[in-house]
Amino acid sequence: MFETTRRRVLGALGLGGAATIAGCQASAPTNQPPPAQAAIGSTSQGQVDVDTVAADPADVPAPIDREEPETVQHTLTVEEVTAEVEPDVTFDYMTFDGQVPGPMIRVRQGDTVELTMDNPPENAMLHNVDFHAVYGTGGGAVATTAAPGDANAMKFQATYPGAYIYHCAVPNLDYHISAGMFGMILVEPAGGLPAVDHEFYFGQHELYTNKDTGEAGHHGFDMGAMADEAPTYVLLNGEKYAWAAANHGPLEVAQGDAVRVFLVTGGPNVSSNFHPIGNVWSRAYRDGGLPADDLAGYGDRHIQTMKVPPGSCMIGEMETPVPSRIKLVDHALSRVVRKGLLAEIDVLGDEDEAVYDPDFGDTSHEGPIYG
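Everything in this summary refers to the structure shown in the same document.

Calculation criteria
Residues numbered from 1 in each chain as written. Predicted model: local features only at pLDDT ≥ 70, side-chain atom pairs only at ≥ 80, totals over all residues. Heavy atoms only, no water. Helix = DSSP H or I, 4+ residues; strand = E, 2+ residues; numbered from the N terminus. Contact = heavy atoms within 4.5 Å. Areas by Shrake-Rupley, 256 points an atom, 1.4 Å probe, with all protein chains shown as cover. Salt bridge = Lys/Arg side-chain N within 4 Å of Asp/Glu carboxyl O. Buried < 20%, exposed > 50% of the residue type's maximum accessible area, 1.4 Å probe, protein only. Pairing = 2+ DSSP bridges. Core = buried A, V, L, I, M, F, W, Y, C linked by side-chain atoms within 4.5 Å. Patch = residues over 30% accessible without salt bridge, like charges linked within 9 Å, V, L, I, M, F, W, Y side chains within 5 Å. Lys, Arg positive; Asp, Glu negative; His and termini not counted. Charge placed at Lys NZ, Arg CZ, Asp CG, Glu CD. Phe/Tyr/Trp six-rings, centres within 6.5 Å; stacked < 30°, edge-to-face > 60°. Axes fitted to C-alpha atoms, helices over the stretch in contact; angles between N-to-C directions.

1. Examining the overall build of the protein
Here's step 1: For the protein, the helix and strand inventory stands at 6 helices and 22 strands.
Here's step 2: Sequence separation of 24 or more characterises 76% of the internal contacts of the protein that already satisfy a separation of 6 or more.
Here's step 3: In the structure as shown, the protein presents an accessible area of about 15,600 Å², 48% of it carried by carbon and sulfur atoms.

Structure, rendered in structure tokens:
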């Protein structure tokens, strides 16, 4: 079934050879979405059909608690939806399972993964998924390509440990990723990760639209702005300030808790400069890299800002010795102040003035601090 469907789709598109690189089409248009891609906006007319696309950062699969590899099954369902970027601003998103970023998948090194990509008939576009954790053509993009109303599947072994992006990789893949089609697969090393009290999962990406940031109304996609790498919004989890106190947040932890943060940068163009204001990454794993065995001496210590390029991930851990509000930002700070990128974590507990005394000295200049 899957092989027949895949060949029919690829044959219809004329994809293959030098024309594509993991789904990239050499002749992709640069100014406007092609007719099939414009269909979402033309049919929705800005009518919101979901309350939010912002993935809950606390919705993280439990750590792997087994000593042997297994065969695990996952299905990613494409949902093309219209939602608000911020109040009175709507956008047509393309998502895995209706959320940005797509669901975090967690497996063990050595597991065999049976992955199905389902493209329901109500969708307007062709989709697929490329996993950076896959040895194989296009990371599975060719194997999973499905037209609306079809599904395709692949099987792969999770051979190397680490945190890796997955993303749509059809022609105009940059448009699909920008509109929300990316997520993370975590391949735990055989010995697992050290235990922590909380794990949170975020995805950074940028939107390119035909209106100004904050301009009310329905925002269509702007291919020209994307080609110029001039985003309207730069976001964590699909919405302006999605998990800040002004929106769905803040997240909460208790003083003394160990916190692990996973970040996947979908892009498609902008690197993240990921920094926890009022904290540091006490241990950080650059590009999501993990060793196959002993984690004890692995990772960078006390890192203030992690560079996370498009198509990559990071894992960062924080200590929480004092009550505070930790602001997770891209330290290219205009993206925070003007483009919508911010999440907040409140640490609840008792003051420890030996570590931090907020009332010492002159407090007459209190106000918002961004970094």
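2. Notes on the pattern of salt bridges
Side-chain pairing between opposite charges can occur once the charged atoms of the two side chains come close.
Here's step 1: Scanning all chains against the criterion turns up 12 salt bridges.
Here's step 2: Across the pair Glu70 and Arg66 runs a salt bridge whose closest N-O atoms are separated by 3.6 Å.
Here's step 3: Take Glu70: its relative accessible area is 42%, and that puts it in the partly exposed class.
Here's step 4: It is possible to trace a salt-bridge network through shared partners that takes in Arg106, Glu188, Glu199, Arg260 and Glu317.

3. Some thoughts on the sheet that holds strand β7 (residues 130–131)
Here's step 1: Taking strand neighbours across the sheet as the criterion, the 4 strands line up as β5-β10-β9-β7 in an open arrangement whose pairing is mixed. Sheet topology places β5 (105–108) and β7 at the edges, where each strand pairs with a single neighbour.
Here's step 2: As defined by bridge partners, strand β9 (residues 162–167) adjoins strand β10 (residues 182–188) across 6 bridges and the pair is classed as antiparallel. Residue pairing for β10: Tyr164 is matched across the bridge by Ile185.

4. Focus: the nonpolar core
Here's step 1: Core analysis: the largest hydrophobic core is formed by 68 residues, its most contacted members being Tyr93, Phe96, Phe131, Ile185 and Phe262.
Here's step 2: Per element, the largest residue contribution to this core is 6 residues, and it comes from strand β3 (residues 71–86).
Here's step 3: Setting aside anything within four residues of it in sequence, one finds Tyr93 in contact with Val53, Glu79, Glu80, Val81, Ala83, Glu84, Val85, Val100, Ala179, Leu207 and Gly238.
Here's step 4: With 26 residues, the next largest nonpolar core counts Phe200, Val234, Ala284 and Val347 among its residues.

5. Notes on a negative patch on the surface
Here's step 1: Negative charge collects at one region of the surface, where Asp350, Glu351, Glu353 and Asp359 lie side by side.
Here's step 2: Within the element layout of this structure, Asp350 appears in the segment after β22 (343–348).

6. What about the packing of aromatic side chains?
Here's step 1: The final tally for this structure, using the stated rule, is 11 aromatic pairs.
Here's step 2: Measuring from ring centre to ring centre gives 5.5 Å for Phe274 and Trp281, while their planes differ by 25°; the resulting arrangement is stacked.
Here's step 3: For Trp281, a relative accessible area of 0% corresponds to the buried category.
Here's step 4: When the centroid spacing of 6.2 Å and the interplanar angle of 15° are considered together, the rings of Tyr285 and Tyr298 count as stacked. Here the residue Tyr285 occupies a position in strand β17 (residues 281–285), and Tyr298 occupies one in the loop between β17 and β18 (300–303), the gap between them amounting to 13 residues.

7. What about unusual backbone geometry?
Here's step 1: The amide bond that connects Val100 to the next residue, Pro101, takes the cis arrangement and shows omega of -5°.
Here's step 2: Residue Pro250 is bonded to the preceding Gly249 through a cis peptide linkage, with omega at 0°.
Here's step 3: Even without being a glycine, Asp97 presents a positive backbone phi close to 60°.
Here's step 4: Turning to its location among the elements, Asp97 is positioned in the loop between β4 (89–96) and β5.
Here's step 5: Judged by relative accessible area, which is 30%, Asp97 ranks as partly exposed.

8. Comments concerning the sheet that holds β22
Here's step 1: Reading across the sheet, the 5 strands line up as β14-β22-β21-β16-β19 and stay open at both edges, with mixed pairing between neighbours. Edge strands, defined here as strands with exactly one partner in the open sheet, are β14 (251–254) and β19 (306–308). In this sheet, adjacent strand axes meet at a mean angle of 25° when their direction is disregarded.
Here's step 2: Looking at chain direction, β14 and β22 are connected through 4 bridges and run parallel. Bridging from a neighbouring strand, Ala254 pairs with Leu348 of β22.

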